[in-house]
Amino acid sequence: MARKISVVEIPYEQLLDPSADLTEALWRGFGPDGLGIVTVSGVPDYPALRDALLPLAQQFADLPNDVKQAHEHAASSYNVGWSHGKEALRSGMPDTHKGSFYANPLQDTHDGVDRDTASRYRSYYSPNLYVQQQLSNAVGQPLSQQEQAQLDFEGQLRRSSCHKARLLHYFPTNCGDQQQQQQQVAAGEDWCGWHLDHGALTGLTSAMYIKDGQQVPCPDPSAGLYICDRSGEVVQAAIPPGHIAYQLW
């Protein structure tokens, strides 16, 4: 079983304090021996926003298929609206375990982008199919200010109009052949393939587990986020419910 580790934590108030020296924390999180991830704690109103937003993933996933298909957007390579079974597992099979709803969290349309650019990059410049709630913008800019001595992340975040939010839902697994399922899990065959996120800065909430419409504790201690570190070791990264995790590409 993979080793479970606690991710480097940075309090939100320190991000807002110009005199705070976060060099050591950022080095532990993003330096040569880091996992490329930190969490931010104490974000105002974040727990309530998380509790309001994440259950909507299950509510949408439970809608009839024709309703969900009406919210698909093939022209954007399913990077706007609903996406299900469009990604591949590590084994190469279509990933039907999860469904996603994509939207730009900061703007619904891109009227200022010329037509040729919008046509070439439809996965970024297609209009939203519905208004996505924003969770992490209040943290991304202060965090990037602490990093801008090395890279102009703050400038990228401020200038970019290509932010992408993903509301992710995992469907319940079939309880058929449990032994076969355990073998697939051990071999990593039912995992999403190893990948790097395409954004400069990725914000992650911790998972929420729901049964019969109610939040429940995590039913499986092996569930969660896994990261392959620079030495090749796979570790399980724990994200507390009240924290937002941030990964660098």
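Sequence order sets the numbering: in each chain, residues are counted from 1 along the sequence as written. Only residues with pLDDT of at least 70 get local features here, since the model is predicted, and only at 80 or more are side-chain atom pairs given and counted; chain-wide, interface and lining totals rely on the full set of residues. Note that water and hydrogens are dropped before the side-chain values are worked out from all heavy atoms of the structure.

1. What about the pairing of strand β10 (residues 225-228)?
So, point 1. When β10 meets strand β11 (residues 234-238), the two strands line up antiparallel, connected through four bridges. For Tyr-226, the partnering residue across the bridge sits in β11 and is Gln-236. In this description, strands pair whenever DSSP reports at least two bridges between them. Only DSSP runs of H or I covering at least 4 residues are called helices, and only runs of E covering at least 2 are called strands; the numbering of each starts at the N terminus.

2. Regarding helix α2 (residues 23-30)
Given 3.6 residues to a turn, an α-helix orients residues that are three or four positions apart in the same direction.
So, point 1. The set of residues buried in α2 consists of Ala-25, Leu-26, Gly-29 and Phe-30. Across the axial projection of α2, the buried residues extend over an arc of 105°, all falling on one side. Along α2, exposed side chains directed more than 90 degrees from the buried face belong to Thr-23 and Trp-27. To sort residues, take the accessible area from a 1.4 Å probe on protein chains only and compare it with the maximum for the residue type: under 20% means buried, over 50% means exposed, and anything in between is partly exposed. The directions considered for the arc are those from the helix axis to the C-beta atoms.

3. Side note on the packing of aromatic side chains
So, point 1. Each Phe, Tyr or Trp ring, with Trp reduced to its six-membered ring, pairs with another whose centre is within 6.5 Å; inter-plane angles below 30 degrees give stacked pairs, above 60 give edge-to-face pairs, and intermediate values give tilted ones. Tallied over the full model, the rule gives two aromatic pairs.
So, point 2. Seen from their ring centres, Phe-60 and Trp-82 are 5.2 Å apart, and the 50° between their planes marks the pair as tilted. Of this pair, Phe-60 sits in helix α4 (residues 55-61) while Trp-82 is found in strand β4 (residues 81-84), placing the two residues 22 residues apart along the sequence. This pair shows no difference in class: Phe-60 is buried, exactly as Trp-82 is.
So, point 3. Between Phe-60 and Phe-101, the aromatic rings sit 5.0 Å apart at their centres with planes inclined by 85°, giving edge-to-face as the arrangement. Of this pair, Phe-60 sits in helix α4 while Phe-101 sits in strand β5 (residues 98-103), placing them 41 residues apart in sequence. Neither Phe-60 nor Phe-101 differs from the other in exposure class; each is buried.
So, point 4. Through a chain of ring-to-ring contacts, three or more aromatic side chains come together here, namely Phe-60, Trp-82 and Phe-101.
So, point 5. Here, a charge over a ring means that NZ of Lys or CZ of Arg falls within 6 Å of the ring centre while also lying within 35 degrees of the ring normal. A cation over a ring is seen here: Lys-86 above Tyr-78, with NZ or CZ 4.5 Å from the ring centre.

4. Considering the confidence of the model for the chain
The predicted coordinates ought not to be read in detail in places where the model reports low pLDDT.
So, point 1. Within a predicted model, pLDDT stands for the predictor's per-residue confidence, ranging from 0 to 100. Counting all residues, the mean pLDDT for the chain is 82, and 80% of those residues have values of 70 or more.
So, point 2. Contacts are residue-level and defined by heavy atoms, with any inter-residue pair within 4.5 Å sufficient. Below pLDDT 50 for its whole length, residues 131-150 participates in 55 contacts with residues either more than four positions away or in separate chains.

5. What to know about the sheet that holds strand β6 (residues 165-170)
So, point 1. Read from one edge to the other, the open sheet built from three strands follows the order β4-β5-β6, with strand pairing classed as antiparallel. In this open sheet, the two strands that pair with only one neighbour each are β4 and β6. With strand direction ignored, the average angle separating the axes of adjacent strands in the sheet is 20°.
So, point 2. Inspection of the sheet shows β4 paired to β5 by four bridges, in the antiparallel sense. Within β5, the position partnered with Ser-83 by the bridge is Ser-100. Structural elements are reduced to axes, namely lines fitted to C-alpha atoms, with helices fitted over the stretch in contact, and the angle between N-to-C directions of any two is expressed from 0 to 180 degrees.

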